[in-house]
Amino acid sequence: MPQTATGRPPTEATSAHAEPSPSTVVAVASTATVPPAADVVVIGAGQAGLSAAYHLRRRGLGPATATPTTGGDRPPSGTFVVLDGEAGPGGAWRHRWRTLRMATVNKVHDLPGRELPEVDPCAPSREVVPSYYGDYERDFELPILRPVHVHRVTRADDDARGRLLVATDRGEVSARAVINATGTWTKPFWPIYPGQETFRGRQLHTADYVSADEFAGRHVIVVGGGISAVQLLEEISHVADTTWVTRREPVWRDDEFDPDAGRRAVALVEERVRAGLPPRSVVSVTGLIRTPILAAAAERGVMDRRPMFAEITPTGVRWADGTEQRADAILWATGFRSQLDHLVPLRLRGHGGGIEMSGTQVAAEPRLHLVGYGPSASTIGANRAGREAVSGAMAFLGG
């Protein structure tokens, strides 16, 4: 069996995340200084983080400031702040590939209290969604500081109802509760296979992908069985020869994926995290939707899947039966893992390898809620998770 890792493979992936156009970067709040204390700290301003911030505002919490207020100046229900590592609004949407259009994106769910406006289906999602998020942050006056990079979260002392310390590159924030919404985009998952370091072509991950044009006239092996894998496979197949490789036989569904089906899928993922097991992706329990575009690709033979190869050679890949495929590039569309490195000092993982959860609340640390983790790692459950986390945090704080 191959080893697995979440870092870069032994060979270099040359593409970097492409930043959105300047028009999508909206300055929401000053990044000069983080407040020394807040009742609730939200880490991350993607969909789940914005949902949490919205519900904190609705509960009456006001923005934490760099200079603590006293007496009548303090909001009656407490304070909160959102710390975001991005340069502007949009979360992971800022880094989606340039050719991902609103018509082909899997789904963009409305943020609570504000519908996504009508947009041009041909507009790039990496421009539309950050603009939508930026307007949302401004209109609801959400106290978001960026870019602020969180290094670690620790306990201030042994008091189970004491404070958590959030250490950042701009100072430390003391919090009574933390809602973590850091998502997965910054932690791409790279499988490691024998011979990987010998490959003379290019290896890249979905996180590095820009457009199909850079592969024109070449042969690309696409590895992965998720939504992004089949989207990129179809796109690249118009300009290059492709081979599709997955570890398991893909499961296709031809029926409509309605809200009830989405809720059932989220519930299945939630069962695992409740038991302290590592979460599975939502698509692993939903299957792949056979859209008209993908059906047409299947007619062209693009979706003829091959099982996982046994090793990588300098010029391509080799299967266990000795057959080989030459390739110029290997695209690892192998998904992402939750970015929780800054929570390691809290020692949250149990014997099952995951973090035992009760809803969004960490069973071993009730001051901490994880949104964008497990069932809320997709947009299907992110809004609900933000609301649930705020309810749990406020109950813990006694308000």
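This section reports on the structure supplied with the text.

Rules of the game
- Residues numbered from 1 in each chain as written.
- Predicted model: local features only at pLDDT ≥ 70, side-chain atom pairs only at ≥ 80, totals over all residues.
- Heavy atoms only, no water.
- Helix = DSSP H or I, 4+ residues; strand = E, 2+ residues; numbered from the N terminus.
- Contact = heavy atoms within 4.5 Å.
- Areas by Shrake-Rupley, 256 points an atom, 1.4 Å probe, with all protein chains shown as cover.
- Axes fitted to C-alpha atoms, helices over the stretch in contact; angles between N-to-C directions.
- Parallel < 35°, antiparallel > 145°, perpendicular 65-115°, else oblique.
- Left-handed = near helix turned anticlockwise from the far one by under 90°.
- Nonpolar A, V, L, I, M, F, W, Y, C, P; charged D, E, K, R; others polar.
- Pairing = 2+ DSSP bridges.
- Salt bridge = Lys/Arg side-chain N within 4 Å of Asp/Glu carboxyl O.
- Buried < 20%, exposed > 50% of the residue type's maximum accessible area, 1.4 Å probe, protein only.

Examining the overall build of the chain
Argument step 1. Within the chain, the secondary structure is distributed over seven helices and 22 strands.
Argument step 2. Within the chain, contacts between residues at least 6 apart in sequence are counted, and of these 71% link residues at least 24 apart.
Argument step 3. For the chain, the exposed area adds up to about 18,000 Å²; of that, 49% sits on carbon and sulfur atoms.

Re the packing of helix 1 (residues 47-58) against helix 2 (residues 125-139)
Argument step 1. Taken N-terminus to C-terminus, the directions of helix 1 and helix 2 make an angle of 15 degrees; their axes are 11 Å apart at the nearest point. Classified by the angle their axes make, helix 1 and helix 2 are roughly parallel. At the point where helix 1 passes helix 2, the crossing takes the left-handed sense. Listed contacts from helix 2 to Gln-47, Leu-50 and Tyr-54 of helix 1 are Tyr-133, Tyr-136 and Glu-137.
Argument step 2. When grouped by side-chain class, the residues that make up the contact of helix 1 with helix 2 number four nonpolar, one polar and one charged.

Section: the sheet that holds strand 18 (residues 324-326)
Argument step 1. Pairing is antiparallel in the open sheet, where three strands are placed in the order 16-17-18. One side of each edge strand has no neighbouring strand; the edge strands of this open sheet are strand 16 (311-313) and strand 18. The mean angle between the axes of side-by-side strands here comes to 20 degrees, regardless of whether they run parallel or antiparallel.
Argument step 2. Sheet topology places strand 17 (residues 316-318) next to strand 18; three bridges connect them, and they run antiparallel. Looking at the pairing, Arg-318 lines up with Glu-324 of strand 18.

Focus: the pattern of salt bridges
Argument step 1. What the rule picks out here adds up to 14 salt bridges.
Argument step 2. Linking Asp-139 and Arg-114 is a salt bridge whose minimum nitrogen-to-oxygen distance equals 3.0 Å. Linking Asp-139 in helix 2 with Arg-114 in the loop between strand 4 (79-83) and helix 2, this pair joins segments that are 25 residues apart in sequence.
Argument step 3. Taking the relative accessible area as the measure of exposure, Arg-114 reaches 30% and is therefore partly exposed.
Argument step 4. Measuring nitrogen to oxygen at the nearest pair gives 2.6 Å for the salt bridge that ties Asp-341 to Lys-187. Note that Asp-341 is positioned in the loop between strand 19 (329-332) and strand 20 (357-358) and Lys-187 in the loop between strand 8 (171-180) and strand 9 (190-192), a separation of 154 residues in sequence.
Argument step 5. You can call Asp-341 partly exposed: its relative accessible area is 43%.
Argument step 6. In this structure, a network of salt bridges that share partners links the residues Asp-84, Glu-137 and Arg-146.

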